[in-house]
Amino acid sequence: MTETLADSGVAVVDEDRLIADTLLVKRYLDRAVPPEAPSARQRAEYRDAIMGLLERRKAAIVAHYYVDAELQELAEESGGFVGDSLEMARFGRDCDAEVLVVAGVRFMGETAKILSPGKTVLMPTLEATCSLDLACPADDFSRFCDNHPEHTVVVYANTSAAVKARADWVVTSSIAVDLVDHLSAGGERILWAPDRHLGAYIQRVTGADMLLWDAACIVHEEFKARGLKDLIQVHPEAAVLAHPESPAGVLELADFVGSTTQIIRAASDLPNRQFIVATDQGIFHKLQMRAPDKEFIVAPTAGKGAECRSCASCPWMGLNSLHEMRETLENGDNEVLVDAELARQAMIPLRRMLDFGKQMAGD
Ligand code: 13P
Ligand code: SF4
């Protein structure tokens, strides 16, 4: 990988590699065919079967807010959990189930397995990946780190086990700003990967000296500042809530920026009756449950053009269906396995993440 640094601190990597990453993401996107919607009768059958199987297998569902609303409800009704990536990791590690069924994307399943090597970790589908994980191959990333040995390596949780194994720290969006602020106050220079929007946001807020890997979330990158400005004109009373994977122009217009759980909390806490939300639409289920008397409007994306497959809806999160959940529990399919040595190395920065998160929460 040839590499220079742009003024912004974003690593300008080899054009060929960027094209290869884009093609790789596209190939995985083409494979992410949305599951057929089940009939009401099928849904009821799947729900009953899943409830029975969870009990029989001593299993718990650990789900993210972006997955199917019914899966989120099942998770909570059966004693499992719905949360942001940090909370999912924590719940998976602490719960006493023998089997964890992670309804989310691949990196969440891998994190659960690394933190709970003694538990069986299943996923409704192993095809559920993430554009950030795909665009940060471990070998290239490792070379990038080798070229900057004087930097502390901080990676986002949306990465493979191999990338985490190369890091000093792992963070999720809920603690990224606080951690970098803490490291920067101690004089450390940061090498950040993979999300350039989240990295640039952290850099703006903390003023830290950061080098940024060049990748993006295909869902959040579609939110458009121009359209958002227009929508704010139409709803001047609305507060804008945004996930920090969104582009800078969108974040500048936001009244609140935070992780998915922090966004849900802000919607309840803020006095506004209306909110414009720049993150995956899966979150609307929980937003509406927590604040039933408030109105939530999806932030504008690139439009309804043929290319906009990911508009406010993660195609990989969308692969988690009731049908796949039942099949997985029935057959023990889609087990997440992580190489033992990689898991040992990745455990170190993951533990630091959980300890720092605990410290932040004052636990
Ligand atoms: P959170 O940790 O905020 O839930 O984000 C995970 C994610 O993948 C957002 O796209
Ligand atoms: Fe990855 Fe974006 Fe999907 Fe989150 S929404 S899992 S960052 S592709």
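See above for the structure.
Structural notes, computed from the coordinates.

Basis of the calculations
Residues numbered from 1 in each chain as written. Chains lettered and ligands numbered in written order. Predicted model: local features only at pLDDT ≥ 70, side-chain atom pairs only at ≥ 80, totals over all residues. Axes fitted to C-alpha atoms, helices over the stretch in contact; angles between N-to-C directions. Helix = DSSP H or I, 4+ residues; strand = E, 2+ residues; numbered from the N terminus. Parallel < 35°, antiparallel > 145°, perpendicular 65-115°, else oblique. Left-handed = near helix turned anticlockwise from the far one by under 90°. Contact = placed C-beta atoms within 7 Å. Nonpolar A, V, L, I, M, F, W, Y, C, P; charged D, E, K, R; others polar. Buried ≥ 20, exposed ≤ 12 C-beta atoms within 10 Å, placed from the backbone. Core = buried A, V, L, I, M, F, W, Y, C linked by C-beta atoms within 7 Å. Pairing = 2+ DSSP bridges.

Quick notes on the packing of helix α2 (residues 40–56) against helix α15 (residues 322–331)
For any two helices packed against each other, the geometry is given by the interaxial angle and the distance between the axes.
Working step 1: Running from amino to carboxyl end, α2 crosses α15 at an angle of 30°, the nearest separation of the two axes being 9 Å. With respect to their mutual orientation, α2 and α15 come out roughly parallel. The interaxial crossing formed by α2 with α15 has left-handed handedness. On α15, the residues touching Arg43, Tyr46, Arg47, Ala49, Ile50, Leu53 and Leu54 of α2 are Leu322, His323, Met325, Arg326, Leu329 and Glu330.
Working step 2: Split into classes, the residues belonging to the contact of α2 with α15 amount to eight nonpolar, one polar and four charged.

Section: α15
Working step 1: Within the sequence span of α15, burial applies to Leu322, Glu324, Met325, Arg326, Thr328 and Leu329.
Working step 2: On its buried face, α15 sits against α2, β3 (59–64), α3 (69–77), β5 (99–103) and β6 (120–122).
Working step 3: Positive phi shows up at Gly332, right after α15, with a value of about 65°.

A look at the nonpolar core
One recurring pattern in soluble globular proteins is that nonpolar side chains are buried together.
Working step 1: Grouped together as the largest cluster of nonpolar side chains are 112 residues, with contacts concentrated most on Val62, Val154, Val171 and Leu241.
Working step 2: Beyond its immediate sequence surroundings of up to four residues, Val171 is in contact with Val154, Tyr156, Ala157, Ala176, Leu179 and Met353.

As for the pairing of strand β11 (residues 239–242)
Working step 1: Neither face of β11 is open: one carries Ala239 and Leu241, the other Val240 and Ala242, and all of them are buried.
Working step 2: In the sheet, β11 pairs with strand β13 (residues 274–278) via four bridges, with the strands oriented parallel. Within β13, the position partnered with Ala242 by the bridge is Ala278.
Working step 3: Two strands pair when backbone bridges link them, and β11 and strand β12 (residues 256–257) are joined in this way by two bridges, in the parallel orientation. The residue bridging Ala242 from the neighbouring strand is Val257, located in β12.

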